[in-house]
Amino acid sequence: MSWLEKIMTRLGGRKMRRTAEPAAFMVFLENSRWVTALIFCVTVVAIVIVSSAGLNTANLPVLPNQLATTRIDAVVPFNYASEIRTQQARAQIIERVPPVYRLEKQPLLEFIDAVHDLQIQVAELERSQSTKNPLKTELDANLTAAFDAFNARGPYRASHEDLKLLMTHMPTEQRAVLIEAGLSVLRQIYADGVHDDTLTGDTPGHISVLQVTQPDRSISVRHVQSLEEALTYLRINLAGEDVPRNVSFALFRVLRNGVVPNLAFDREATAQRQEVAVSQLKPVVVHVNRGHSIIEPGTRVTPEQYEMLMAHRKALRENTANQLDEDLQLFSRILLVLAMVLASVFYVRLEDRETSLSNGRLGLLALVVILNITLVRAVYSLGSLDFFSLHGDWASTLPYIAPFAFAPLIVAILIDAGSAIFMALFISIFTGVIYGNRLDLLVLTFLASTVAIFSCQDVRKRSRVVRSAGLGGLTIALFALLVGLADQLPLATLLKQFGAGLTSGVLTGIIVVGLLPVLESLFKRTTDITLLELTDYNHPLLRLMQLEAPGTYHHSLVVAQLSENAASAIGANPLLARVCALFHDVGKTVKPEYFIENQRTRENPHDLNNPSLSALIIKSHVKEGVDLARQHRLPRAVIDVIRQHHGTTLIRFFYHRAVTTSQGNSIPARRNESRELYPPGLGPMEVAESTYRYDGPVPRFKESAIISLADGVEAASRSLRKVTPQHMGELIDSIIRDRIEDEQMDESLLTFAEITRIKSSFNFTMLNMLHSRVNYPAGTEPEAPAPKG
C-alpha cells in the first residue's frame, strides 16, 4: 500500500482503486506508429553513417537474379560484344532453319515382298485346284493359312473376304496386273513422302513444304502428303482401273496396309544446315551511351544487365581519365540501406506479426543490428593502423575477427530463430559490403551465424550461449581454412585466420552473455535462462507463499505441473507456462485467509461480508499480484498471466448469493443472523453481473490460456467425491466448455485441436496426481522395509 493510500485509509476515506493495467506512457511507447516510424528512421540514418565508406559504382555487389537496391548508370560511353545477345541471335537463326527429313523405303519393300509372296501362294493353290481338284474345305484352309501369314508379316489387317473376292471375280493374270498397278501407286506415294499428324503444326492434317533428303544426299523442297491424303490418292487411282467397284474397294482395303508414314528426322543433315546458317553470324556489339540506365532499383538483375555491368566495370578500369574514384552519393547510400531495412520490415510483417506490432521488439532489433554493424565497421577501421598496413597476413584476419553473430544470437534468444536468421543475412550483407563487396565473406558469415542460431535453440544455460557462439566461430574458421587452401595461402596466414575466427566466436558469446540481462530489463524480454532461474523455490515470492499461503502454494504447484504438461502437448513453451503458473496467484498472499485453500479452521471471513465486498476482495488478488510482481521485477509474461488467468469470468458463488439475497431468499449469516442485507423499506435490487466479474483481460496467448484452464480444473477437482477417469473427464469438459461459451478463449490463439490435446493432458496428469491408496485393515500398518545391511 502506498503512502497516499495509507493516509486516505486513516482519514476514513476510501482506499484508492489500483489498476493492473500498464502505464499509459508505456502503452504509447509500445504501440504508437509514430514511435515505429522513429525507430525506422533512426535505424536507416545510423546504418548509413556507420557503413557509408568504401562503396562506388565500380564494385557494387550485384549478382544475377538479385534484387537491386540502387540505381546504376553508365559513367562513360562504351561498346562491348554481348555474348548473351549473340547467343539469342544464334538461337533465333537455328529456330528459323527448317528441319530436314529422309524418306524411309523399308516399309514399302517389306509390304511389296509380302504381297508378292501372297500372290505366289494363291497362284500355286489355284493351279493345284485345277489339276488335283481338292476338296473346297481344304482349299479354304490353305488360303486362310496363306492370308494369316501375310497379315503376320506386317502386322497387317487385311480381310480374308477381300482376298476371296479378288480370286472369284478376276482371273490370275488380270489380278496380277491389277495388284501391280496398285503397288505402282504405292511406290509413287512413298516417293512423295507420307507424314503423320505429329508434323502438322498449326493446321492439323496438312503440311505444305518439307525438306527431304534424296538418295544422292541433296535436299529438295516438295509437297508431302498426310496419311489421310495418301489413302485418298490410293483409292482414287484404284477406282480408275477398269474393274468392278467392289473389286477395286477390296484391293484398296488390302493395299492400304502398306501406306504408313515414311518420314524420319535427319538430325545430321539438319545440324549441318544450322551450322551453315550460324557460321555467317557475327558477334552482336552493343553501344551504351553515358548516363544510360544499366540497373534500376527494385528490379531483379537479368543476365543481360549483369553482362552490361561487367562491361561497364571493364570500361571504367580502361578509361582511367574518367574513372569514378569517389564514394557513392549520400542519396544512393540511403537507397541501399533503405532497401535492406524495408526488406526487414516486410519479412517481420509476413513471418513475425507479433514483432511488427511491438515497438519494444522493433527497438531491440534496431539496436542490436546497429551495434553489430558498428562493431564490424570498428574492426574494419583497424586496417588503417600501421601494424596492419605493414603486415598483410594479420590484415587478412580482420574480416574473421568481426563479431558477425552478435545480433543474430541476441535476436534468437530474445525473440525467435526466424527473425535471427534474417538478421544474420542482414548483418552478413553489410559485412560483405564493408569489406569490399566480398561475396565469399557474406556467405561464410551467414553460414556461421546460422550455425550459432541453430545451436542456441531452447538455451537454458549461459554457458551454452558461449558454446553456440564458439561453434559459429569454429564454422567460419574451418571454411576460412578451406578457402585459404584453395587460394594457396601460406600456412602461417591460414593458422592466423583460423585462430581469428575461433577467437571471435568465443568473444562474441561472452559479450552476448554479458549484455543479455541488460537487454532483458531494458526491453522487457524474458529468456529461458531467466525463466529457469525463476523456478527456484527459494525465490522471495515463492517463499512468501509457502509461509503465508501454503494452500495457494500447493495449488500453484499443481497448476504449474498441469500447465507444463499441456504446453508440451501442443508445442507451446512449457517452461514459460510452468513459471507463470507458479506466480499466477501470488496476490493471495496479501489476504490469504479470504481464500478457501488457506482457511485452516472452519471460520470463513466472507460470512461477515455482503457478496459484493467478498467479490471485490476475491478480485483484488489480481491487482495485488501485479503489484508484487512489479516490485520483484518479474518478467512481463508473468505479469500478463497474473492479469489474464481469470479473464473476465464470473465469481459464481458470491454472484448467486447476491441474486438469492436480492430476491429476499437469503440464508442468514452464521455469525450475524439479524443483519439486514438491504435497507428496510426497500425491495430487492437488481444485481449487476459486472460487479462479480474479474476485470480481465481475457488470455491473449496460449500459455496464459492453458494456465487459466488449469487453474479452473485444479480448483474444481477438489470438489470431486470420487476420482475416476469418467468423472474427471466430465469435469474437465465442463470447465473448458464453460470458458469457451463465456468467450474467455477468443483471444488465446488456441485451436480446437489443441484444446482437445490439452484436455487429454489435464486428464492424464490429474488422474496420476489424485491416485488412490490401498486400504489397510484396521489395526495394521504397512510393512516397513527391512533395514539394509
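Residues numbered from 1 in each chain as written. Predicted model: local features only at pLDDT ≥ 70, side-chain atom pairs only at ≥ 80, totals over all residues. Heavy atoms only, no water.

1. Notes on the overall build of the protein chain
The condition that has to hold: Counting from the N terminus, the helices are DSSP H or I runs at least four residues long and the strands are E runs at least two residues long. To sort residues, take the accessible area from a 1.4 Å probe on protein chains only and compare it with the maximum for the residue type: under 20% means buried, over 50% means exposed, and anything in between is partly exposed. Whether two residues are in contact is decided by their heavy atoms: any pair within 4.5 Å suffices. In these tables, accessible area is a Shrake-Rupley quantity obtained with a 1.4 Å probe, and a residue counts as shielded only by the protein chains included in the view.
Counting secondary structure elements, the protein chain contains 33 helices and ten strands. Looking at the 789 residues of the protein chain, the share that counts as buried comes to 44%. For the protein chain, restricting intrachain contacts to residue pairs at least 6 apart in sequence, the fraction spanning at least 24 positions comes to 78%. Accessible surface, the protein chain: about 42600 Å² in total, of which carbon and sulfur atoms supply 57%.

2. Regarding the pattern of salt bridges
Note the following rule: When a carboxyl oxygen of Asp or Glu lies within 4 Å of a side-chain nitrogen of Lys or Arg, that pair is called a salt bridge.
Taken as a whole, this structure holds 16 salt bridges when the rule is applied. Its salt-bridge partner being Asp742, residue Arg693 comes within 3.1 Å of it at the nearest N-O pair. Highlighted residues: Arg693 in the loop between helix H30 (652-662) and helix H31 (702-717) and Asp742 in the loop between helix H32 (725-741) and helix H33 (752-769), separated in sequence by 49 residues. Salt-bridge contacts for Arg718 lead to Glu714; the nearest nitrogen and oxygen are separated by 2.6 Å. A network of salt bridges, in which partner residues are shared, links Asp585, Lys588 and Glu597.

3. Overview of helix H26 (residues 550-570)
Count 3.6 residues to each turn of an α-helix, and residues three or four apart come out pointing the same way. Stated formally: To estimate the expected span of a helix, subtract one from its residue number and multiply by 1.5 Å.
For H26, which comprises 21 residues, the first-to-last C-alpha distance of 30 Å matches the rise-based estimate of 30 Å (1.5 Å per residue) to within 8%. Note on H26: the residue one or two positions beyond its end, Gly571, has a positive phi of about 80 degrees.

4. Quick look at the packing of aromatic side chains
The criterion, for reference: Ring geometry is summarised as follows: Phe, Tyr and Trp rings, the Trp one being its six-membered ring, pair when their centres sit within 6.5 Å, and such pairs are stacked at plane angles under 30 degrees, edge-to-face over 60 and tilted between the two.
In this structure the tally under the stated criterion is eight aromatic pairs. Centroid distance Phe111 to Tyr156: 5.1 Å. Interplanar angle 90 degrees. Geometry classified as edge-to-face. Linking Phe111 in helix H5 (residues 106-132) with Tyr156 in the loop between helix H6 (136-153) and helix H7 (160-169), this pair joins segments that are 45 residues apart in sequence. Put simply, the rings of Phe111, Phe150 and Tyr156 touch in pairs and so form one group of aromatic residues.

5. Re the layout of surface pockets
Just so we agree on the cut-off: Here a cavity denotes grid points, spaced 1 Å and computed from the protein atoms alone, that fit a 1.4 Å probe unable to get out, and a pocket denotes an open set having protein on both sides within 12 Å along at least 5 of 7 lines; residues with an atom within 4 Å of a point are the lining. Grid points are joined across faces, edges and corners, and a volume is the space filled by probe spheres set on the points. Polar here means any residue outside two lists: the nonpolar Ala, Val, Leu, Ile, Met, Phe, Trp, Tyr, Cys and Pro, and the charged Asp, Glu, Lys and Arg; Gly therefore counts as polar.
One number sums up the size of the second largest pocket: a volume of about 1200 Å³. In terms of lining, the second largest pocket is formed by 33 residues, of which the most central are His646, Ile651, Arg652, Tyr694 and Ala715. When contributions to the lining of the second largest pocket are tallied by element, the ones reaching two or more residues are H26, helix H28 (611-631), H30, H31 and H32. In terms of residue count, H31 provides more of the lining of the second largest pocket than any other element does, five residues in total. Class assignment of the residues belonging to the lining of the second largest pocket gives a composition of twelve nonpolar, eleven polar and ten charged.

6. A look at unusual backbone geometry
Gly696 connects to Pro697 through a cis peptide bond whose omega is 5 degrees. Here Pro697 lies in the loop between H30 and H31. Residue Arg633 is not a glycine yet carries a positive backbone phi of 55 degrees. Mapped onto the elements, Arg633 comes out in the loop between H28 and helix H29 (636-644). Classification of Arg633 as exposed rests on a relative accessible area of 75%.

7. Some remarks on the environment of Ser556
Along the chain, Ser556 turns up in helix H26. Note: C-alpha distance between Ser556 and His584 (28 residues apart in sequence) is 7.4 Å. Aside from chain neighbours lying at most four places away, what touches Ser556 is Met545, Ala581, Leu582, His584 and Asp585.

8. What about a nonpolar patch on the surface?
Note the cut-off: Surface patches are drawn from residues lacking salt bridges whose relative accessible area is over 30%; two like charges belong together within 9 Å, two nonpolar side chains (Val, Leu, Ile, Met, Phe, Trp, Tyr) within 5 Å.
Judged by side-chain polarity, Leu447, Leu471, Leu474, Leu478, Phe479, Leu482, Leu485 and Leu502 come together as a nonpolar surface patch covering roughly 630 Å² of accessible area. Per element, the largest residue contribution to the nonpolar patch is six residues, and it comes from helix H22 (residues 462-486). One can find Leu502 in helix H23 (residues 491-523).

9. Notes on the packing of helix H27 (residues 574-583) against H29
For clarity, the threshold we go by: Interaxial angles span 0 to 180 degrees and are taken between N-to-C directions of axes, which are lines fitted to C-alpha atoms, for helices over the stretch in contact. What sets the label is the angle itself: under 35 degrees gives roughly parallel, over 145 gives roughly antiparallel, 65 to 115 gives roughly perpendicular, and the rest give oblique. Take the far helix as the reference: if the near one is turned anticlockwise from it by less than a right angle, the crossing is left-handed, and if turned clockwise, right-handed.
Put simply, H27 and H29 touch, their axes get as near as 9 Å, and they point 55 degrees apart. Classed by the angle they form, the pair H27 and H29 counts as oblique. Between H27 and H29 the crossing geometry is right-handed. Residues Leu576, Val579, Cys580 and Phe583 of H27 form the contact with H29, whose own contacting residues are Ala637, Val638, Val641 and Ile642.

10. Digging into the side chain of Glu714
What counts is decided by this rule: Polar contacts here mean pairs of N or O atoms no more than 3.5 Å apart (in protein, one a potential hydrogen donor and the other a potential acceptor; neighbouring residues in sequence count only if both atoms are side-chain atoms).
Position of Glu714 among the secondary structure elements: in helix H31. On the accessibility criterion, Glu714 (3% relative accessible area) is buried. Separated by 2.5 Å, the side chains of Glu714 and His555 make a polar contact. Leaving out residues up to four positions away in the same chain, Glu714 has contacts with His555, Val558, Val559 and Leu562.

11. Quick look at the environment of Phe422
By secondary structure assignment, the location of Phe422 is in helix H20 (residues 417-434). A relative accessible area of 15% means that Phe422 is categorised as buried. Expressed as a C-alpha distance, the spacing of Phe422 and Ala343, which sit 79 residues apart in the sequence, is 9.6 Å.

12. With respect to the side chain of Asn598
One can find Asn598 in the loop between H27 and H28. Asn598 gets classed as buried once you look at its relative accessible area, which sits at 9%. Sequence-distant contacts of Asn598, defined by excluding residues within four places in its chain, comprise Ala549, Pro550, Gly551, Thr552 and Pro592.

13. Topic: the nonpolar core
Rules: Here, nonpolar core means buried Ala, Val, Leu, Ile, Met, Phe, Trp, Tyr and Cys residues that are tied together by side-chain atoms lying within 4.5 Å of each other.
Residues Ile47, Leu364, Ile373, Ile410, Phe426, Tyr435 and Val512 are the most contacted members of the largest nonpolar core, which totals 59 residues. Those residues within four positions of Ile410 in sequence are excluded, and the remaining contacts are Leu364, Val368, Ile415, Val512 and Leu519. Formed by 51 residues, the second largest nonpolar core is a distinct cluster that contains Cys580, Val713, Ile735 and Leu750.

14. Here's the deal with the packing of helix H25 (residues 540-548) against H26
At a closest axis distance of 5 Å, the pairing of H25 and H26 adopts a crossing angle of 125 degrees. Between H25 and H26, the angle is such that the two are oblique. Counting all contacts with H25, which are made through Leu542, Met545, Gln546, Leu547 and Glu548, the residues of H26 involved are Pro550, Thr552, Tyr553 and Ser556. By residue class, the composition of the contact of H25 with H26 is five nonpolar, three polar and one charged.

15. Structural notes on empty space enclosed by the protein
One pass over the full model with this rule turns up one cavity of 30 Å³ or more. Empty space within the largest cavity amounts to approximately 40 Å³. Taken together, Gly587, Val590, Lys591, Phe595, Ile617, Ser620, His621 and Glu624 make up the lining of the largest cavity.

16. Description of the confidence of the model for the protein chain
Short version of the rule: The predictor's confidence in any single residue is recorded as pLDDT, a number from 0 to 100.
Summary statistics for the protein chain give a mean pLDDT of 79 and a share of 81% for residues scoring 70 or more. Note on residues 200-210: pLDDT is under 50 here. Beyond four places in sequence and across chains, it has 25 contacts. Contacts from residues 321-328, a stretch scored under 50 in pLDDT, to residues over four places away or in other chains number 18 contacts.

17. Quick notes on the environment of Gln546
One can find Gln546 in helix H25. Here Gln546 falls in the partly exposed class, since its relative accessible area comes to 22%. C-alpha of Gln546 to C-alpha of Thr589: the two residues are 43 residues apart in sequence and 9.3 Å apart in space. A polar side-chain atom of Gln546 sits 2.9 Å from a polar atom in the side chain of Arg543.

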